[in-house]
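Breakdown of the fold
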Amino acid sequence: MMKSLTFLKPYRLTMGAAIFFLLVELIVELYQPYILSKIIDKGILNNDLSYVTKWGLVMLVLSVVAFIGGVLNTFYSTHVSQSFAFGLRKSLFEKVQTFSFTTFNFLPTSSLITRLTNDVTQLQNTVFMSLRIILRAPLMVVGSVVMALILDWKLSFVLFFILPLLFFFLNWMVQKGRELFKRVQENVDSVNSVLRENLMGMKLIKAFVRNDFEDERFQVINNNLKRKTATALKTMEVTMPVLLLFMNASILVVLWYGNSKVHSNQSNIGEIVAIVNYISRITSTFSVFSFIIMAFSRARASSERIEEVLTIEEDFIEKNEGNKLRNRIEGKVQFHDVSFQYPNTENDVLQDISFVAYPKTSIAILGSTGAGKTSLFQLIPRLYDVSEGTILIDDQDIRKMNSKELRGQIGYVPQEALLFTGTIKENLLMGRENASDEDVYTAAKHAQIHETILSFPNGYESKIGQKGVNLSGGQKQRLAIARALLRKPSILLLDDSTSALDLKTEAKLIQSLKEYDCTIFIITQKISSAINADKILIIDDGCLVEEGTHDSLLESSKLYKAIYYSQYGREEIPNAKGAN
Ligand code: ATP
Ligand code: MG
């Protein structure tokens, strides 16, 4: 909880103002029953109307003061809590940006979303309530006890029996509430994760007519949340009757004992009324405590989850120390006995891979699905680091390079072309923010998407829906390629990025890549994309099984031959140049 609380520091003054106005309100409220007792004893019982009017007016003025205090307190509390949440969200977001890929493996996106939204709101509410209600409660209890004792300590003696009991009860509630609400919060997380997955895969769910199944899955988890929340709330509900019992018992004692004291002229009716008033204030404030416990238990669970993000260990933060790159990378990429396993897994997905890609050459990577091609790609821009072996770029170990600068020179087109909400041009400019319009058009032309963009009513200013929903698969792929080309990379990584293109468009695209001064890696399932590559690597089950050119592999590799025949048929075996 402490770490989150440091976000309140900048607002110390405002919090001071909120607390000041809270005290004004509280003191006035505490004073009112005291005045009331005087009005009864000296005014009403003595038939002194002017006394009643005078002090009645004072009470009226004090009420107005309390009201103003309350309003100003709310004003400042709102300001503090909103600013606090703003700062917290900002820091969380910035922290998430620094996470390495590994971190996302154990902190799933849905959980991060809950932490940045729901959990922050939870803390925000608690800060607000602390300044408005929570701080008030203990002060109200202490103040009322003091006032009651001042009025008549003998009559108020019953409080000494009740208060310890109340505290004991409260402590029990705190323990219980914390556990219960932690579980509630975990369930909120699950609901979010199912919901998110469902919304993202809506098309697929509809296509496979899985709505009923998804409905059921959601119902189960939704039900869990309901049950856990209900249990927590029900437990907290016990507070009210217990407190009422305490309250009524103590009022009875005061009335019974007060009655005999009034008869023996040791006490006044007004004092008894005031003490009963203070006792009900004390017990009703305790009922606020159950609400406070609830808020704090939730806030505590939330702050733990938020702090988990804020204090994530160094190992999971991307380090950018490495050497700065003085020049543009030449583009020589060398794998040396590289093995790799995903964090927290047992098996190597890549084993002892060694090869060299010389600058400005093209390397095609073939292999069956799940062979480890994408995993191999992710190692080049250091999205993950190798488990064993080394990757050298321009003869330098990439672990010694500044990963931000390294990535700045790599154009990566991931297997799933991901676009962001915004215009087409904004999406392309992600490749290089300061690119001129000319550069954007050229990149789009090379990616074979320029004409298509122009055919849209708003051209380059056309809006792309969330994740590119209003574009075809092939259009998305080509936009993602244009984005990478705009960067004029030294190393271009195309992960199955032409899978949705027809052969003719693909051939044109590959031809235009020759304009670029870079080493090109193409993962592909299609021989047509590999045929003209300077080198073809065949990956199978994490191992590099064959390496060569189209012609050499066609002679030496059974596997390559098999793939080739399966795509072209045995009769027409064109040579490399002819097949294009
Ligand atoms: P495809 O042609 O289908 O894209 P691929 O060759 O690109 O396949 P990879 O994505 O590299 O295959 O996956 C290789 C292996 O690594 C698979 O067995 C997969 O289960 C595993 N794998 C992939 N991503 C992760 C991950 N984030 N955590 C753990 N294992 C993973
Ligand atoms: Mg892949």
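Rules of the game
Residues numbered from 1 in each chain as written. Chains lettered and ligands numbered in written order. Predicted model: local features only at pLDDT ≥ 70, side-chain atom pairs only at ≥ 80, totals over all residues. Heavy atoms only, no water. Helix = DSSP H or I, 4+ residues; strand = E, 2+ residues; numbered from the N terminus. Rg over C-alpha atoms; globule rule 2.2 N^0.38 Å. Buried < 20%, exposed > 50% of the residue type's maximum accessible area, 1.4 Å probe, protein only. Contact = heavy atoms within 4.5 Å. Areas by Shrake-Rupley, 256 points an atom, 1.4 Å probe, with all protein chains shown as cover. Domains from an automatic or database assignment. Near = heavy atom within 4 Å. Polar contact = N/O pair within 3.5 Å; in protein donor to acceptor, adjacent residues only side chain to side chain. Nonpolar A, V, L, I, M, F, W, Y, C, P; charged D, E, K, R; others polar. Pairing = 2+ DSSP bridges. Axes fitted to C-alpha atoms, helices over the stretch in contact; angles between N-to-C directions. Core = buried A, V, L, I, M, F, W, Y, C linked by side-chain atoms within 4.5 Å. Salt bridge = Lys/Arg side-chain N within 4 Å of Asp/Glu carboxyl O. Donors = N, O, S within 2.8 Å, 3.2 Å for Na, K, Ca; no water. pLDDT = per-residue confidence, 0-100. Parallel < 35°, antiparallel > 145°, perpendicular 65-115°, else oblique. Arc of directions from axis to C-beta.

Naming follows an unreviewed UniProt entry, where the protein appears as Putative ABC transporter ATP-binding protein YfiB of Gottfriedia solisilvae.

**Here we look at the overall build of the protein**
If you tally the helices and strands in the protein, you get 21 helices and 12 strands. In terms of overall size, the protein is more extended than a compact globule, its C-alpha atoms giving a radius of gyration of 36 Å where 580 residues would be expected to give roughly 25 Å. Here the protein holds 580 residues, and 48% of them are scored as buried. When contacts within the protein are restricted to residue pairs at least 6 apart in sequence, those whose partners lie at least 24 apart make up 77%. Carbon together with sulfur atoms contributes 59% to the accessible area of the protein, which is approximately 29,800 Å² in total.

**Some words on the domain arrangement of the protein**
Domain assignment breaks the protein into domain 1 (2-312), domain 2 (333-409 + 489-578) and domain 3 (420-479). If you average the C-alpha positions of domain 1 and of domain 3, the two centres end up 52 Å apart.

**Let's talk about the site of ligand 1**
Close to ligand 1 lie Y342, V349, T369, G370, A371, G372, K373, T374, S375, Q415 and Q525, which account for all nearby residues. Taking G372, its main chain carries an N or O atom lying 2.9 Å from an oxygen atom of ligand 1. At 2.7 Å, a side-chain N or O of K373 approaches an oxygen atom of ligand 1. Summarising the interface, the protein chains cover 63% of the accessible area of ligand 1, which totals 640 Å² for the free molecule. For the shell around ligand 1, the residue count by class is 3 nonpolar, 7 polar and 1 charged.

**Quick notes on unusual backbone geometry**
Among all residues save glycine, negative phi is the norm, and among peptide bonds the norm is trans. Positioned with a positive phi, N344 is a non-glycine residue whose angle comes to about 60°. With respect to the helices and strands, the residue N344 is situated in the loop between β1 (333-340) and β2 (350-357). Within the chain, D394 stands out as a residue other than glycine whose phi angle is a positive 50°. For D394, the location among the structural elements is in the loop between β4 (388-393) and β5 (396-397).

**Describing the pairing of strand β9 (residues 491-495)**
For β9, the buried fraction is high: 5 of the 5 residues fall into the buried class. Going residue by residue along β9, you find I491, L493 and D495 tucked away on one face and L492 and L494 tucked away on the opposite face as well. Two elements, strand β6 (residues 410-413) and β9, share 4 bridges in a ladder whose sense is parallel. Following the sheet pairing, V413 is matched in β9 by L494.

**Focus on the sheet that holds β6**
Spatially, β6-β9-β10-β3-β11-β12 is the arrangement adopted by the 6 strands of the open sheet, whose pairing is mixed. Every interior strand has two partners, whereas the edge strands, β6 and β12 (543-548), have only one. Taking each pair of neighbouring strands and ignoring which way they run, the sheet shows an average axis angle of 15°. Pairing of strand β3 (residues 362-367) with strand β11 (residues 535-540), which is carried by 5 bridges, proceeds in the parallel orientation. The partner of L366 across the bridge, within β11, is I538. Running over the sheet, helix α21 (residues 558-568) touches β3, β11 and β12 and is turned about 100° from β11.

**Concerning the nonpolar core**
Nonpolar side chains in soluble globular proteins tend to end up buried together. In terms of nonpolar packing, the biggest core is built from 47 residues, with V254 and F286 touching the most fellow members. For this core, the secondary-structure elements that each account for two or more residues are α2 (12-44), α5 (109-134), α6 (136-152), α7 (158-200), α9 (211-237), α10 (239-263) and α11 (269-310). Sort the elements by how many residues they give to this core and α7 lands first, with 14 residues.

**Remarks on the pattern of salt bridges**
For the structure shown, the criterion picks out 18 salt bridges. Between K488 and D439 there is a salt bridge; the shortest N-O distance is 4.0 Å. Linking K488 in the loop between α17 (473-486) and β9 with D439 in helix α15 (residues 437-446), this pair joins segments that are 49 residues apart in sequence.

**Things to note about the coordination of the magnesium ion (ligand 2)**
A metal bound by six donors in octahedral fashion has ideal angles of 90 or 180 degrees, whereas one bound by four tetrahedral donors has an ideal angle of 109.5 degrees. Donor atoms from the polypeptide that coordinate the magnesium ion (ligand 2) comprise T374 (OG1) and Q415 (OE1), at 1.9 to 2.2 Å from the metal. In this pair, T374 sits in helix α12 (residues 373-379) while Q415 sits in the loop between β6 and β7 (422-423), placing the two residues 41 residues apart along the sequence. With relative accessibility at 44%, the residue Q415 sits in the partly exposed group.

**Some points on the confidence of the model for the protein**
Looking at the protein as a whole, the pLDDT averages 87, with 96% of positions reaching at least 70. Note on residues 576-580: pLDDT under 50 across the span, and 10 contacts to partners over four residues away in sequence or across chains.

**Section: the sheet that holds β4**
Strand-to-strand pairing in sheets goes through backbone hydrogen bonds, with the strands running parallel or antiparallel. An order of β2-β1-β4-β5 is seen for the 4 strands of this open sheet, with the pairing classed as antiparallel. If you trace the sheet from one side to the other, it starts and ends with β2 and β5, each paired once. Direction of pairing for β4 relative to β5: antiparallel, over a ladder of 2 bridges. Within the sheet, the bridge partner assigned to L392 lies in β5 and is D397.

**Section: the environment of G16**
Counting through the fold element by element, G16 comes out in helix α2. Considering only alpha carbons, one finds G16 and S77, 61 residues apart in sequence, at a separation of 9.8 Å.

**Some words on the packing of α7 against α10**
Their axes nearest at 11 Å, the elements α7 and α10 cross at an angle of 175°. Relative to α10, α7 is oriented roughly antiparallel. Here V158, I162, L165, L166, F169 and M173 of α7 come into contact with α10, specifically with T239, V242, L243, F246, S250, V253 and V254. For the contact of α7 with α10, the residue count by class is 11 nonpolar, 2 polar and no charged.

**With respect to helix α18 (residues 503-513)**
Among the residues making up α18, those that are buried are T505, E506, L509, S512 and L513. The arc that holds every buried residue of α18, seen down its axis, measures 130°, which confines them to one face. Of the exposed residues in α18, the ones pointing more than 90 degrees away from its buried face are L503 and K504. Tucked into the core, α18 has its buried residues touching α15, α17, β9, β10 (519-523) and α19 (527-530). For α18, the N-terminal capping position is held by D502, with its side-chain oxygen 3.1 Å away from the main-chain nitrogen of K504.

**Some thoughts on the pairing of β11**
For a regular strand, the rule is simple: side chains alternate between the two faces of the sheet. In terms of burial, β11 is largely enclosed, as 5 of its 6 residues are buried. Here β11 pairs with β12 via 5 bridges, running antiparallel. Along β12, the bridge assignment pairs L537 with E547. From the end of β11 to the start of β12, which pair antiparallel, there are 2 residues, and D541 there has a positive phi angle of about 50°.

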